[in-house]
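In case you want the letters, here they are:
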Amino acid sequence: MRLLILGGTEFVGRALTDDALARGWEVTVFHRGRHPAPPGVTALLGDRTADGGLAALAGGEWDLVADTWSGAPTAVRDAARLLAGRAGHYAYISSRSVHRHPCPAGLAEDGPLVDGSPDAGDVAYPEAKRGGELAALDAFGDRALLARAGLVLGPGENIGRLPWWLLRVARGGRVLAPGPRDSQVQFIDNRDLASWTLDAAARGLGGPFNLVSPPGHTTMGELLESCVRVTGSDAELRWTDPEPILAAGIEPWTDLPVWLPPGELHTTIFGAGVGKALAAGLRCRPAAETVADTWAWLRSLDLKPPLRPDRDPVGLDPEKEAKVLAG
């Protein structure tokens, strides 16, 4: 298989690259040169947001294109149009954020969607991903695979969610653990996302698929207790009801990454229907394995994870944490 990855140097893109190389595929990575290209690939440089930025893609043919773009849909539109006659399949890493909120539990791929346009410039994330989907469909039709990922965790994470928890737990002491302890969490390991996407695209699958772990796969309790176990710290998880946490002005998802209190937003984010993807071969590794491998990766970086410059940092201010724990 000849694979072209638009991106391919960080997190999900890097997982796609590593997985494809492990299969023995011929991999070409088109990127801006901000990070080193992985060993074993053919690297092409360009900036899809600049005039003439796709010049390096003017020639060449590929069996499959994988695109992780999350910015302006016009970038997906221009690349997909350029490659439509020279690539067999187009796998676009989209997001479940394209669904209109709120989402009922078990919502499948045919649920209501936000409005989007392939011709849009800089728009909010849900509209950007929906516009990217439409751009891929416009150019490739049923040869476009739309991988609607949920929360993505795993080694290489450059958003900082699981790394923040691991680093906080590693510091030890009393840790504010947001309850309920048995609250369901749905996520997908970036390596499982990559593996399924390449398998599905190679088989010629098209259309949208929700890609996240099945209901009951893990809980906040398992995630945080796995953090304690793999770090070997003396951390004491102090499970706390949502009410005092919210009353202290602590924001779910950002101040306390991954966590959402019970309610409409929790159901929307962590209540996806994934039957279609499971039937198409999706397999999700145990959450404890994702936690352990992410910790090993962090240790290889001297506990200094990379963070995307276009995203706000996540994590709880120590003074706020201490105040809630003292109460």
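(A) The arrangement of the overall build of the protein in detail. When its secondary structure is counted, the protein shows 11 helices and 15 strands. Taking 20 Å as the expected radius of gyration for a compact globule of 327 residues, we find that the protein reaches 20 Å, a close match to that expectation. With the principal axes as the frame, the protein shows a C-alpha extent of 65 × 40 × 35 Å. By residue count, 52% of the 327 residues in the protein fall in the buried class. For the protein, the share of sequence-separated contacts (at least 6 apart) that also reach a separation of at least 24 residues comes to 76%.

(B) Highlighting the nonpolar core. Membership of the largest hydrophobic core comes to 34 residues, with the highest contact counts inside it found for Trp165, Leu176 and Leu256. Of all the elements in the fold, those that place two or more residues in this core are β7 (151-153), α4 (161-171), β8 (174-178), α6 (220-231), α10 (287-300) and α11 (318-326). When residues no more than four places from it in sequence are discounted, the contact partners of Trp165 are Val175, Leu176, Pro178, Met220, Leu224, Cys227, Leu256 and Pro257.

(C) Inspection of unusual backbone geometry at higher detail. Cis geometry is found at the peptide bond from His101 to Pro102, where omega equals -5°. Among the secondary structure elements, Pro102 is positioned in the loop between β5 (87-95) and α3 (125-140). Here the residue pair Gly179 and Pro180 is connected by a cis peptide bond, since its omega of 0° sits within 30 degrees of zero. If you trace the backbone, Pro180 turns up in the loop between β8 and β9 (184-185).

(D) Summary view of the sheet that holds strand β2 (residues 26-31). Reading across from one edge, β3-β2-β1-β4-β5-β6-β11 is the order of the 7 strands in this open sheet, with parallel pairing throughout. The sheet terminates laterally at β3 (42-45) and β11 (207-211), the two strands that pair on one side only. With strand direction ignored, the average angle separating the axes of adjacent strands in the sheet is 20°. Two strands pair when backbone bridges link them, and β2 and β3 are joined in this way by 4 bridges, in the parallel orientation. Bridge pairing in β3 places Val29 opposite Ala43. Packing against the sheet, helix α2 (residues 73-83) makes contact with β1 (2-6), β4 (62-67) and β5, and its axis sits at approximately 165° to β5. Lying on the sheet, α3 is in contact with β5 and β6 (144-149); it crosses β5 at an angle near 165°.

Conventions used here
- Residues numbered from 1 in each chain as written.
- Predicted model: local features only at pLDDT ≥ 70, side-chain atom pairs only at ≥ 80, totals over all residues.
- Heavy atoms only, no water.
- Helix = DSSP H or I, 4+ residues; strand = E, 2+ residues; numbered from the N terminus.
- Rg over C-alpha atoms; globule rule 2.2 N^0.38 Å.
- Buried < 20%, exposed > 50% of the residue type's maximum accessible area, 1.4 Å probe, protein only.
- Contact = heavy atoms within 4.5 Å.
- Core = buried A, V, L, I, M, F, W, Y, C linked by side-chain atoms within 4.5 Å.
- Pairing = 2+ DSSP bridges.
- Axes fitted to C-alpha atoms, helices over the stretch in contact; angles between N-to-C directions.

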